Amino acid sequence: MGKMIALILLALAGAAHAHDWTASEKAWAAAWLATRAADWSQTRYIARHPEQFRETNPFLPDHPSLGEVNRHFIVSTALMFAAAHYLPQYRTRLLQVYVVVGAGYVVHNIGIGVRFQF
């Protein structure tokens with residue numbers, strides 16, 4: 001698991017240098033990755049507490065395993081990054097949407113008592 005995450009992070013870091021990203025785009029990407037990590041952490045917490053919470057993401061079952069959660073976040077993060085990377089004309093807008101949507105989920109989860117737990 002750790003090797004897979006490290007490999008994806010290296011690929012993402014390398015791809016970010018392949019095309020010119022502005023300082024603003026890099027800042028939005030950092031904000032998005034922060035909200036992504038927070039959401040991932042909370043989703044892992046939900047998976048560990050099926051008696052208390054259920055997952056509402058339509059791409060995951062109501063009570064996902066940690067493996068399902070990890071796979072989902074690794075694959076979806078890579079796909080979302082690829083969309084931003086290879087569609088530079090939409091990059092800033094995509095990253096902004098990712099941040100707003102991700103932050104919305106994180107704030108909602110905090111409100112219902114979901115904690116951060118990797």
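I will try to describe carefully the structure that is included in this document.

### Brief notes about the packing of helix α3 (residues 66-86) against helix α4 (residues 91-111)
Geometry of a packed helix pair, given as the angle between the helix axes and the separation of the axes. Contact geometry for α3 and α4: axes closest at 8 Å, N-to-C directions at 150 degrees. In terms of orientation, α3 lies roughly antiparallel with respect to α4. Remark: the crossing between α3 and α4 carries left-handed chirality. Contacts between α3 and α4 involve M80, A83, A84 and H85 from the former and R91, L94, L95 and Y98 from the latter. Partitioning the contact of α3 with α4 into residue classes produces six nonpolar, one polar and one charged.

### Some thoughts on the packing of helix α2 (residues 23-48) against α3
At a minimum axis distance of 9 Å, the contact between α2 and α3 shows a crossing angle of 160 degrees. By the angle between their axes, α2 is roughly antiparallel relative to α3. Our pair here, α2 against α3, has a crossing hand that is right-handed. Judged by residue contacts, W32, L33, R36, D39, W40, T43, R44, A47 and R48 of α2 engage L66, V69, N70, H72, F73, I74, S76, T77, M80 and F81 from α3.

### Considerations on the packing of aromatic side chains
According to the stated counting rule, one finds five aromatic pairs in the structure shown. Seen in terms of ring centroids, W21 and F81 are 5.5 Å apart; in terms of plane orientation they differ by 15 degrees. Their pairing is stacked. Residue W21 is found in the loop between α1 (2-18) and α2, and its partner F81 is found in helix α3; the two are separated by 60 residues along the sequence. Each member of the pair, W21 together with F81, is buried. Seen in terms of ring centroids, W40 and F73 are 5.7 Å apart; in terms of plane orientation they differ by 5 degrees. Their pairing is stacked. Remark: F73 occurs in helix α3 and W40 occurs in helix α2; sequence separation between them is 33 residues.

Cut-off values and rules
Every chain is numbered independently, its residues counted from 1 as its sequence is written. Totals for whole chains, interfaces and linings use all residues, but because this is a predicted model, local features are given only for residues with pLDDT of at least 70 and pairs of side-chain atoms are given and counted only at 80 or more. Hydrogens and waters are ignored; side-chain quantities use all the structure's heavy atoms. To obtain an axis, a line is fitted to C-alpha atoms, over the contacting stretch when the element is a helix, and the angle between two such axes runs from 0 to 180 degrees between their N-to-C directions. Helix and strand definitions follow DSSP, with helices as H or I runs of at least four residues and strands as E runs of at least two, each counted in order from the N terminus. Oblique is the label for any angle not covered by the other classes, which are roughly parallel (under 35 degrees), roughly antiparallel (over 145) and roughly perpendicular (65 to 115). Less than a right angle of anticlockwise turn of the near helix away from the far helix marks a crossing as left-handed, whereas a clockwise turn marks it as right-handed. We call two residues in contact when some of their heavy atoms are within 4.5 Å. All residues other than Ala, Val, Leu, Ile, Met, Phe, Trp, Tyr, Cys, Pro, Asp, Glu, Lys and Arg, Gly among them, are scored as polar; the first ten of these are nonpolar and the last four charged. Centres within 6.5 Å are what make two rings of Phe, Tyr or Trp a pair, Trp counting through its six-membered ring; a difference in plane orientation under 30 degrees is then read as stacked, over 60 as edge-to-face, and the rest as tilted. Throughout, exposure labels follow a simple rule: accessible area from a 1.4 Å probe, protein chains only, divided by the maximum for the residue type, with under 20% read as buried, over 50% as exposed, and the rest as partly exposed.

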